[in-house]
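# Notes for the structure review
As a plain string of letters, each chain reads:
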Amino acid sequence: MDATLKTFIIPNELCRRAGIVGTWVRVNELGVFPSQHIKTTNSDSVSLYGPSDASVFNVRQQVVLFEPILRKLVNEANGIFLSVQELMGSNVPDYKSELLKLSRQYRSIIRACLENLQEETVRAKATYKEELQNYITIFYSVECIWHLCEILFVENIPGGIVLPHLLEWVRFHFPKYERNAASLLREDVIGAELQPCYWETVIGSLMQGRIELVQALLEVHSSADGKPFQLAIQTLRTMPLYNIYGGISVSEFNLKWKHWVLDTQSKIEAKMFSSERHLNLVMRLAVGDEVAWGEMQTHREPWYAFLAASLFFKEPTVKAFELGQFARQCIAKVGGAVKMRHLDQVLLASMELDIIQVIKEIQQMSENGWFVSHLVDLLYHAGRLEGLYSDETKVIGSRLRESFLLDYGTLLMGHHSLWQVGLNYLDHCPTEGLSTIELLLPALPLKSEARTQKIIREAHKRDMPQIVQSICKVHTMDSISKGRLGNALTWGLKSQDGGFTSLIADKFLRKYKETGVLLNEDLLDNLGSSMLISDRLIFLGKYFEFHKEYRLKNYKEAANILISLLASKLTPRYFWDTLLCDAINLLENNVMVISSTDTYTLLHSLEEKCELPELKDKIDLIRLGAARNLSRALLYEMQLDKKYT
């Protein structure tokens, strides 16, 4: 069995006896519950395990990124990620220099995260402190690897001379000697060698290529005026340092370097520095003396710091493609091959320019894919994944990038507040991103209306009306079950589903038949063009207008609306009796408001629906009212005709 696999015990007797089954609840959560395994060959018999109380156990992956202290890193990285995508879509000519700036922004937020973790560690209790220390180890490794990958794969190094950048990397991650030197030089007092860390700081600064700092430290030695120290300071001052912008070629620099080494070696052989043991060691290291470097192999510095120092004094013009072979030689010399940590493996793969191996190694880091997703995306846009495809690897850069973004975006979709961040990553997966969103967005728990509104907005952005309908229907049915018809209608309108909205409008009308009160009049008064979504909603909206005009005593307008509803095909069968009964008051009004033509329309509707049992007791009353109104209307219309003839 794989040693990395973990076993979890489900604390339930029924699970132990009957067996268990698991089902996905959401992205990173599994529901586990007791279940008896039944085959087709099993006889149909009473279960041995029932009746009994059943429990469901939620098993979740521990996600480091969901820790509150790391939430800022996730959000800030998302902003930089979107800036990278925007940059690549803007056709900027010098995009690689901009990519380098964005890579440094990634590193700056990792560094800020480390500082936050260190500050929290000081305040944390013992149990949590250990966890924070683990996070610090993880993100220190992330920052260290990212910095080296940035140098080797993103930055455009003139001439491929990598050593100045490698030294800068070592100095950044091992600032101890710079800090110690600053402390020793701050006092500006001769006799600094009396401090226990003096010679350690001198040699450590030398190994980081800080030649000017070494000179300054030698000058505060109590014997600085002596001939050996003055000669050493002068020799180090004349040491040639390669600069791509210095105006000399690599061959010319190598000639100067060899001349300086020979000159310095002659001084060492003449025992000009032998009176001071440490000073002699410094000068022997400076000329690459193998015996002196052998003594330094027992130094507690990691192999990659030792490598940078060794190259500075032996191969100052080393190219990036040569770095891997020197790295392996260095590891062999310091005996580090047998105790290589995971960080060492990744750094070695980086120096060998083996991007596939780097990606494989950083996948195993326990920060839940944040690192590999963002770094691979950056390398893809820097053009470093284009030539990876071969018969052996069968890797295509764009698919590799998308697979990591899919995994990372899906992981974030499982968090209650980071799901919108996850959408940003899935949006930039051209092949499977949209289909993944279609699966995950409807599965998000609808804990509140505000959250639901956010989910709907995201679905609208991506033109996913089916998701909007599904979510709105869930909220509509929930509102109906709670008797909140106004809220149900609001969600029904958002769903843009005509049949579903008709169902809600029916509930409004039936509620009116029961109580004689139209609910949520403010909502009905502001339906506007949204009522056109369904015929039943049009009827409800028009019926509300009828009531509104009637209450305002605008009887003529009310009558026109009522007659139009009678003449239309919109009236539901169960509402005909209510509509015809509403006509009685208008027919018996002191002022004639229904014309003869409209009265005929009313009578025609009455004859069509006279078989309705609900009208049995009212049909004679309606006919009588219609007859009286018809006589009044005909007389009035005849007089009106005579007046104008």
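Looking at an unreviewed UniProt entry, one finds the protein named Nuclear pore complex protein Nup85, with Photinus pyralis as its source organism. Word for word, the UniProt comment on the protein under Function (unreviewed entry) is "Functions as a component of the nuclear pore complex (NPC)." Under the UniProt heading Subcellular location (unreviewed entry), the note attached to the protein is "Nucleus, Nuclear pore complex".

## Observations regarding the nonpolar core
Among the nonpolar cores identified, the biggest contains 149 residues, and Phe-139, Trp-169, Leu-218, Trp-303, Met-351, Trp-370 and Leu-441 are the most heavily contacted of them. Looking at which element gives the most residues to this core, the answer is helix α4 (residues 126–154), with 15 residues. Those residues in contact with Leu-218, other than ones at most four positions away along the chain, are Tyr-198, Trp-199, Val-202, Ala-224, Phe-229, Ile-233, Leu-236 and Leu-279. The next biggest cluster of nonpolar side chains, apart from the first, holds 47 residues, and it includes Met-531, Ile-561, Val-593 and Leu-606.

## Here we look at helix α3 (residues 95–123)
Taking 1.5 Å of rise per residue, the 29 residues of α3 would be expected to cover 42 Å, and the 43 Å separating its terminal C-alpha atoms lies within 8% of that figure. Considered for burial, the residues of α3 that qualify are Leu-99, Leu-100, Leu-102, Ser-103, Tyr-106, Arg-107, Ile-109, Ile-110, Cys-113, Leu-114, Leu-117 and Thr-121. For α3, the elements touching its buried residues are α2 (71–88), α4, α5 (163–173) and α17 (370–381).

## Quick look at the pattern of salt bridges
Scanning all chains against the criterion turns up 30 salt bridges. As a salt-bridge pair, Glu-458 and Lys-461 come within 3.6 Å of each other at their nearest N and O atoms. Of the two residues, Glu-458 and Lys-461 are both situated in helix α21 (residues 449–461); the distance of three residues between them amounts to about one turn of the helix. In this structure Glu-458 comes out as buried when scored by relative accessible area, which is 7%. Two residues, Asp-506 and Arg-536, come together in a salt bridge whose shortest N-O distance is 2.6 Å. Taken together, the positions of Asp-506 in helix α24 (residues 498–515) and Arg-536 in helix α26 (residues 535–551) put the pair 30 residues apart, joining distant regions of the chain. When salt bridges that share partners are traced, they join Arg-104, Arg-107, Arg-111, Glu-143, Glu-150 and Glu-155 into one network.

## Description of the packing of aromatic side chains
Scanning all chains against the criterion turns up 24 aromatic pairs. Considering the side-chain rings of Tyr-512 and Tyr-543, the 5.4 Å spacing of their centres and the 70 degrees angle between planes classify their relative orientation as edge-to-face. Taken as a pair, Tyr-512 in helix α24 and Tyr-543 in helix α26 lie far apart in primary sequence, 31 residues in all. Assessed through its relative accessible area of 0%, Tyr-543 is described here as buried. Where Tyr-543 meets Phe-546, the ring centres are 5.8 Å apart and the plane angle is 35 degrees; that geometry is what we call tilted. Here Phe-546 and Tyr-543 lie together in helix α26, a separation of three residues that amounts to about one turn. Per residue, the accessibility class of Tyr-543 equals that of Phe-546, and both read buried. Here the aromatic cluster, defined as three or more aromatic residues joined through ring pairs, consists of Tyr-512, Phe-539, Tyr-543, Phe-546, Tyr-550, Tyr-555, Tyr-574 and Phe-575.

## What to know about unusual backbone geometry
Located in the positive-phi region is Asn-368, a residue other than glycine, with phi close to 65 degrees. Residue placement: Asn-368 occurs in the loop between α16 (355–363) and α17. Taking the relative accessible area as the measure of exposure, Asn-368 reaches 17% and is therefore buried. Even without a glycine there, the phi angle at Asn-520 is positive, about 50 degrees.

Conventions used here
- Residues numbered from 1 in each chain as written.
- Predicted model: local features only at pLDDT ≥ 70, side-chain atom pairs only at ≥ 80, totals over all residues.
- Heavy atoms only, no water.
- UniProt positions renumbered as here; feature names shortened; annotations may be inferred.
- Core = buried A, V, L, I, M, F, W, Y, C linked by side-chain atoms within 4.5 Å.
- Buried < 20%, exposed > 50% of the residue type's maximum accessible area, 1.4 Å probe, protein only.
- Helix = DSSP H or I, 4+ residues; strand = E, 2+ residues; numbered from the N terminus.
- Contact = heavy atoms within 4.5 Å.
- Expected span 1.5 Å × (residues − 1).
- Salt bridge = Lys/Arg side-chain N within 4 Å of Asp/Glu carboxyl O.
- Phe/Tyr/Trp six-rings, centres within 6.5 Å; stacked < 30°, edge-to-face > 60°.

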